[in-house]
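A structural walkthrough
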Number of protein chains: 6
Amino acid sequence: MGRFPVPDVEDVPDDLQDRITEETERAGFTPNVFSAYAYKPSHFRAFFAYYDALVEDTPLAREEVEMLVVATSGVNDCLYCVVAHGALCRIYAEAPKLADQLATNHRQADVSAEHRAMLDFAVKLTESPERITDDDLEQLRDAGFSEEEIWDVGAVTAFFNLSNRMAALADMRPNDEFYEMGR
Amino acid sequence: MGRFPVPDVEDVPDDLQDRITEETERAGFTPNVFSAYAYKPSHFRAFFAYYDALVEDTPLAREEVEMLVVATSGVNDCLYCVVAHGALCRIYAEAPKLADQLATNHRQADVSAEHRAMLDFAVKLTESPERITDDDLEQLRDAGFSEEEIWDVGAVTAFFNLSNRMAALADMRPNDEFYEMGR
Amino acid sequence: MGRFPVPDVEDVPDDLQDRITEETERAGFTPNVFSAYAYKPSHFRAFFAYYDALVEDTPLAREEVEMLVVATSGVNDCLYCVVAHGALCRIYAEAPKLADQLATNHRQADVSAEHRAMLDFAVKLTESPERITDDDLEQLRDAGFSEEEIWDVGAVTAFFNLSNRMAALADMRPNDEFYEMGR
Amino acid sequence: MGRFPVPDVEDVPDDLQDRITEETERAGFTPNVFSAYAYKPSHFRAFFAYYDALVEDTPLAREEVEMLVVATSGVNDCLYCVVAHGALCRIYAEAPKLADQLATNHRQADVSAEHRAMLDFAVKLTESPERITDDDLEQLRDAGFSEEEIWDVGAVTAFFNLSNRMAALADMRPNDEFYEMGR
Amino acid sequence: MGRFPVPDVEDVPDDLQDRITEETERAGFTPNVFSAYAYKPSHFRAFFAYYDALVEDTPLAREEVEMLVVATSGVNDCLYCVVAHGALCRIYAEAPKLADQLATNHRQADVSAEHRAMLDFAVKLTESPERITDDDLEQLRDAGFSEEEIWDVGAVTAFFNLSNRMAALADMRPNDEFYEMGR
Amino acid sequence: MGRFPVPDVEDVPDDLQDRITEETERAGFTPNVFSAYAYKPSHFRAFFAYYDALVEDTPLAREEVEMLVVATSGVNDCLYCVVAHGALCRIYAEAPKLADQLATNHRQADVSAEHRAMLDFAVKLTESPERITDDDLEQLRDAGFSEEEIWDVGAVTAFFNLSNRMAALADMRPNDEFYEMGR
């Protein structure tokens with residue numbers, strides 16, 4: 001995490017302090033993505049506001065969101081997101097093995113056919129967005145996803161294509177705690 | 001643009017109406033990304049707040065931001081972003097040929113050595129984020145970019161990796177006006 | 001264009017002078033591919049004779065030829081061919097937006113189903129010629145292309161895989177005029 | 001060879017008959033590329049005129065031309081060109097093992113450092129023409145190649161990127177004789 | 001694990017029974033690779049004899065062997081090997097986080113410069129064996145690896161390119177126990 | 001073959017000497033893979049024991065094994081295996097052209113539909129093992145392959161993914177004799 005300076009929490013704007021405090025209390029430690037993003041407060045606000053919208057305003061189950069994050073981050077080889085969201089995936093899905101499966105190869109994960117379709121879409125949108133066609137969305141509809149769910153599947157995937165690259169830029173490293181949570 | 005419904009502007013929340021009105025007055029037409037994102041107001045707010053932070057709170061020149069957008073979107077074969085931000089790139093850089101060059105092959109664009117280094121970084125972060133190393137950042141420093149500029153170069157690139165995928169998801173198409181602006 | 005010397009037009013053999021004069025009168029300027037190829041007269045003659053055969057002896061409409069050129073050159077990231085033939089594509093197809101669409105992502109271009117099949121074939125023949133099968137030709141037949149048209153679709157694509165590489169070798173750059181023609 | 005009709009030699013224009021007769025007498029059989037191209041006489045003339053220019057008007061040794069052809073065709077997995085020009089490569093280089101080495105992996109071929117540089121350039125121009133830079137040409141100069149030789153190295157490579165795709169289009173198959181010649 | 005029948009342990013030849021019993025006693029459960037390979041006893045014997053040679057007759061530390069296995073299997077997206085050897089990697093290296101790091105992106109793993117060189121070599125040998133050159137071996141020598149260690153680094157990597165593909169063929173799945181061992 | 005020392009045959013353990021003598025008598029020369037592997041006797045034993053199991057305990061015809069080896073090695077650009085097993089392929093299949101076809105592009109080889117399915121599977125398992133699905137095995141069953149044959153098709157392919165990488169590691173070169181055998 002040495003590529004950009006990480007400010008002390010007491011030196012950052014109040015709204016960032018509040019969010020960091022809240023997250024620290026919830027998790028028991030400060031997830032490094034909050035420390036890293038504190039380097040630039042305007043981006044901190046924008047990033048977490050977008051993230052909040054994705055997880056709070058969606059018909060997707062939280063475990064589905066986290067499954068998408070882990071599979072996308074696995075394709076992009078993003079250590080921070082695989083490990084930190086792997087923890088959330090295990091916890092929300094109550095499935096201790098799921099994150100390791102999704103990060104390695106979603107095709108071998110123990111998931112329903114519906115979730116397999118969802119993950120296939122996320123991986124294609126990550127690897128070759130230029131090849132997404134109406135047929136790809138049709139397969140999600142056939143798997144039972146509503147219109148808004150399809151938008152959200154794509155939106156979560158798109159957001160973590162941003163997030164994976166921010167982690168690569170800043171060389172973000174997962175907190176030790178994440179490796180073990182939910183196992 | 002037929003994959004998700006596009007609401008009438010009068011049916012969307014007031015803050016979205018205000019933003020859409022403002023953009024429409026500025027451009028003389030409503031850029032389709034605003035219409036497309038109006039499908040989901042919480043995402044509309046998050047997306048444009050992030051975008052605003054990227055272009056308003058940065059030591060990068062606006063033309064540099066748009067150069068990054070066009071080169072990134074060219075790699076991802078994203079028609080909406082190549083054409084819409086190609087227009088902005090031509091206008092801000094006052095360089096009618098630049099966007100076509102960047103969208104096709106940034107290695108053949110008429111840019112300074114500094115901007116070539118900036119674009120090389122953006123293309124690498126887009127194509128293989130897992131391979132970004134300290135050396136890549138060092139090359140930006142050697143080209144004269146400050147720490148915050150480097151963060152912002154990466155952040156713009158990361159954001160358009162999101163944006164390109166949202167355009168692919170919703171099959172966003174550029175307004176006709178963009179093709180000709182700034183030529 | 002500085003990798004190989006560009007001879008003065010008065011110093012090249014008469015037949016090259018005649019062709020260059022003719023092209024200059026037609027276009028109002030000398031397209032740089034003629035200047036670049038004048039470096040080696042025997043190759044100049046061979047290259048343009050092949051090109052002439054492709055555009056003059058074919059049941060394909062000229063706009064179809066230029067669509068193929070732009071899509072192929074987009075895959076190969078060839079600035080000269082994208083811009084110079086983009087101009088021709090706009091003019092022959094009377095479609096100001098078409099070249100930008102084809103160069104960025106032919107899958108999002110405003111083209112008929114027949115032309116989509118034609119372009120899919122060209123892109124596959126460019127990207128992975130070793131995987132072309134009878135089925136690929138069958139899809140062109142199903143789209144209404146005659147035997148000779150199929151040959152010519154492939155021949156134009158193959159020729160611009162040559163041309164794109166000659167432009168890369170000699171670092172050919174499009175004349176300024178091409179960027180704006182036909183818009 | 002069943003994708004396009006192969007005309008009887010007596011039914012093709014006189015100049016094609018003359019060339020086919022000449023090649024048949026030289027080789028002892030009619031190489032299938034002549035039969036295949038006879039489907040479209042204007043393309044036959046253009047293709048072989050270009051080929052003749054490449055092999056007749058060049059300071060490159062003929063064995064160098066054939067080495068380039070085999071390495072390029074190996075990258076493109078083109079059976080016709082690997083086998084037919086593999087025969088020519090063996091004969092002109094008087095090196096029975098060379099073609100198999102170049103077609104499989106030019107990095108393990110028994111060639112001089114100069115020829116290794118030449119082949120590295122050809123493989124890069126084939127695989128990623130958009131990445132060719134001044135440095136790549138400089139390496140050829142450092143290896144002793146003259147300006148015209150560099151042009152010709154690129155031109156041969158470019159031409160066989162055309163040729164490999166025409167063979168893929170028409171499903172050209174090498175004559176049995178080629179497999180054994182020069183061994 | 002349903003693609004090939006898994007025989008009951010009492011139905012397999014005595015030497016296989018002995019090995020399976022030994023492994024089961026050591027681990028507390030029967031690792032699925034033993035069950036899967038029991039389908040074909042001659043291959044069972046060959047596979048485990050090779051594996052034994054790799055881990056028993058080598059100057060490499062066992063933790064180094066397991067690091068190589070996890071990084072290689074991560075590149076090949078092999079769930080069985082990532083999870084089963086991830087457990088061994090954690091145990092032998094006494095490093096609970098190491099396997100997750102190596103499986104996701106060895107470039108972000110907490111390893112010494114020597115081990116980074118070792119893993120870079122393994123990843124290159126896995127992804128593009130045709131590009132391995134003397135320089136690659138030189139980098140291992142510079143990092144302090146002896147001649148035999150270099151052979152063994154390559155041999156372990158090569159063997160797991162076999163193993164990953166056998167797991168893909170038979171759809172081998174890691175035992176539940178492996179996910180948690182050594183954390 | 002200069003990356004690792006090649007011991008004199010009289011200096012290697014007796015069982016290796018016996019095997020080398022046997023192979024030398026059979027072939028009339030010592031295939032270089034035996035010389036190269038003699039560097040490390042424990043690996044020599046393991047490698048050839050595995051190989052023996054693959055060719056001796058299988059319902060596949062020996063020519064089928066060698067076809068798999070050549071196609072796999074062609075994908076991996078492995079000169080040693082393409083040339084040495086190309087010789088075996090020609091001999092066992094009594095088909096002088098087959099190895100050159102398989103090494104270049106198995107899609108253009110003169111093989112039955114059954115063997116085409118077999119080779120398609122081998123190439124996929126080599127290029128993208130993570131994408132092998134039940135459907136891929138079903139296609140082999142549909143082509144008439146038994147359960148054990150399918151295992152063996154995969155096992156041969158997997159083994160030569162090891163072998164190709166050992167040849168890359170040690171820079172193994174085929175004996176001159178192999179180039180001509182069976183033509």
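We now examine the overall build of chain A. Each helix and strand counted, chain A has 10 helices and 0 strands in total. Along chain A, helices and strands appear, N-terminal first, in the series α-α-α-α-α-α-α-α-α-α. A compact globule built from 183 residues would reach a C-alpha radius of gyration of about 16 Å, and chain A, at 16 Å, matches this within 12%. Its C-alpha atoms give chain A principal-axis dimensions of about 50 × 30 × 25 Å. Counting the 183 residues in chain A, one finds 63% classified as buried. In chain A, the proportion of contacts linking residues at least 24 apart, taken out of those at least 6 apart, comes to 67%. Counting every atom, chain A has about 6400 Å² of accessible surface; 44% of that belongs to carbon and sulfur. Both charge centroids of chain A, one from 16 positive and one from 36 negative side chains, sit 7 Å from each other.

Further remarks concern the domain arrangement of chain A. Residue and element names in this part refer to chain A. Segmenting chain A into domains produces domain 1 (9–56) and domain 2 (62–180). Relative to domain 2, the C-alpha centre of domain 1 lies at a distance of 22 Å. A combined buried area of about 1300 Å² lies between domain 1 and domain 2, and 73% of that area is made up of carbon and sulfur atoms. Among the residues of domain 1 in contact with domain 2, Phe 29, Tyr 51 and Leu 54 are the three that bury the most area, contributing 42% of the side total. Counting across the domain 1 and domain 2 interface gives 6 residue pairs in polar contact (both at pLDDT 80 or more). For the side of domain 1 that touches domain 2, the secondary structure elements donating two or more residues are α2 (32–37) and α3 (41–56). Per-element accounting of the side of domain 1 that touches domain 2 gives the leading share, 5 residues, to α3. Taken together, the residues of the side of domain 1 that touches domain 2 sort by class into 10 nonpolar, 2 polar and no charged.

Moving on, we get to unusual backbone geometry. At Glu 94 of chain E, a position not held by glycine, the phi torsion is positive, near 50°. On the secondary structure map, Glu 94 of chain E appears in the loop between α5 (79–93) and α6 (98–104). You will see that Asp 77 of chain F, though not glycine, has its phi angle at about 55°, which is positive. With respect to the secondary-structure elements, Asp 77 of chain F resides in the loop between α4 (62–75) and α5 (79–93).

Attention now goes to the interface of chain E and chain F. Taken together, the contact between chain E and chain F spans 45 residues of the former and 45 residues of the latter. Of all residues in chain E, Tyr 50, Trp 151 and Arg 165 of chain E give up the largest surface area on contact with chain F, accounting jointly for 22% of the area buried on that side. Our count for the contact surface shared by chain E and chain F stands at 6 salt bridges. Its salt-bridge partner being Arg 3 of chain E, residue Asp 134 of chain F comes within 2.6 Å of it at the nearest N-O pair. At the level of elements, α2 (32–37), α3 (41–56), α7 (113–127), α8 (134–142) and α9 (147–170) of chain E are the ones that each hand at least two residues to the side of chain E that touches chain F. Residue contributions to the side of chain E that touches chain F peak at 16 residues, all from α9 of chain E. Tallied by class, the residues present in the side of chain E that touches chain F amount to 27 nonpolar, 8 polar and 10 charged.

Quick look at the relation of the copies chain E and chain F now. Relative to chain F, chain E is turned by 180° and slid 0.0 Å along the rotation axis, the superposed coordinates differing by an RMSD of 0.0 Å. The transformation just described matches what one would write down for a two-fold rotation axis. Residues of chain E ranked by C-alpha distance from the rotation axis are headed by Leu 162 of chain E, positioned 2.6 Å from it. Of all interface residues in chain E, 100% are interface residues in chain F too; the two copies therefore contact each other through one and the same surface.

Overall, the predicted model of chain A reaches an average pLDDT of 97, with 99% of residues at or above 70. Confidence metrics for the complex model read pTM 0.97 and ipTM 0.97.

Let us look at the side chain of His 43 of chain D. Position of His 43 of chain D among the secondary structure elements: in helix α3 (residues 41–56). We classify His 43 of chain D as buried; its relative accessible area is 0%.

Counting residues in hydrophobic clusters, the biggest one holds 142 residues, and the most contacted among them are Tyr 37 of chain C together with Tyr 37 of chain D. Formed by 140 residues, the second largest nonpolar core is a distinct cluster that contains Val 70 of chain A together with Ala 122, Ile 132 and Leu 140 of chain B.

Before going further, it helps to spend a moment on the arrangement of the chains. In this assembly chain A lies apart from chain D, the nearest approach of their C-alpha atoms being 19 Å. Chain B makes no contact with chain F; the smallest distance between any of their C-alpha atoms is 19 Å.

All names here are of chain D. Contact geometry of α3 with helix α9 (residues 147–170) gives a least axis separation of 10 Å together with a crossing angle of 155°. Considered as vectors, α3 and α9 are oriented roughly antiparallel to each other. Seen from above, α3 lies across α9 with left-handed handedness. Seen from α3, the contacting residues are Phe 47, Tyr 50, Tyr 51 and Leu 54; seen from α9, they are Ala 155, Val 156, Phe 159, Phe 160, Leu 162 and Ser 163. For the contact of α3 with α9, a count of residues per class yields 9 nonpolar, 1 polar and no charged.

Residues and elements named next belong to chain F. In the contact formed by α4 and helix α9 (residues 147–170), the axes pass within 9 Å of each other and the chain directions differ by 45°. One way to sum up the angle between α4 and α9 is to call them oblique. The two elements α4 and α9 meet at a crossing, and its hand is right-handed. Taking contact as the criterion, the partners of Val 65, Leu 68, Val 69, Thr 72 and Ser 73 in α4 are, on α9, Val 153, Val 156, Thr 157, Phe 160, Asn 161 and Asn 164. Residue composition of the contact of α4 with α9, grouped by class: 6 nonpolar, 5 polar and no charged.

The next point concerns helix α7 (residues 113–127) of chain C. Helix length check: α7 of chain C (15 residues) gives 21 Å between terminal C-alpha atoms against 21 Å at 1.5 Å per residue, within 8%. His 115, Ala 117, Met 118, Leu 119, Phe 121, Ala 122, Val 123, Leu 125 and Thr 126 of chain C are the residues of α7 of chain C that are buried. Tucked inside the fold, the buried residues of α7 of chain C contact α4 (62–75), α6 (98–104), α8 (134–142) and α9 (147–170) of chain C together with α9 of chain D.

Before going further, it helps to spend a moment on the side chain of His 85 of chain C. Residues and elements named next belong to chain C. Turning to its location among the elements, His 85 is positioned in helix α5 (residues 79–93). In this structure His 85 comes out as buried when scored by relative accessible area, which is 9%. Residues in contact with His 85, not counting those within four places in the same chain, are Tyr 51, Glu 66, Val 69, Val 70, Tyr 80 and Phe 160.

Cut-off values and rules
Residues numbered from 1 in each chain as written. Chains lettered and ligands numbered in written order. Predicted model: local features only at pLDDT ≥ 70, side-chain atom pairs only at ≥ 80, totals over all residues. Heavy atoms only, no water. Helix = DSSP H or I, 4+ residues; strand = E, 2+ residues; numbered from the N terminus. Rg over C-alpha atoms; globule rule 2.2 N^0.38 Å. Buried < 20%, exposed > 50% of the residue type's maximum accessible area, 1.4 Å probe, protein only. Contact = heavy atoms within 4.5 Å. Areas by Shrake-Rupley, 256 points an atom, 1.4 Å probe, with all protein chains shown as cover. Lys, Arg positive; Asp, Glu negative; His and termini not counted. Charge placed at Lys NZ, Arg CZ, Asp CG, Glu CD. Domains from an automatic or database assignment. Buried area = accessible area lost by both parts, 1.4 Å probe. Polar contact = N/O pair within 3.5 Å; in protein donor to acceptor, adjacent residues only side chain to side chain. Nonpolar A, V, L, I, M, F, W, Y, C, P; charged D, E, K, R; others polar. Salt bridge = Lys/Arg side-chain N within 4 Å of Asp/Glu carboxyl O. Least-squares fit on C-alpha atoms with pLDDT ≥ 70 in both. pLDDT = per-residue confidence, 0-100. Core = buried A, V, L, I, M, F, W, Y, C linked by side-chain atoms within 4.5 Å. Axes fitted to C-alpha atoms, helices over the stretch in contact; angles between N-to-C directions. Parallel < 35°, antiparallel > 145°, perpendicular 65-115°, else oblique. Left-handed = near helix turned anticlockwise from the far one by under 90°. Expected span 1.5 Å × (residues − 1).

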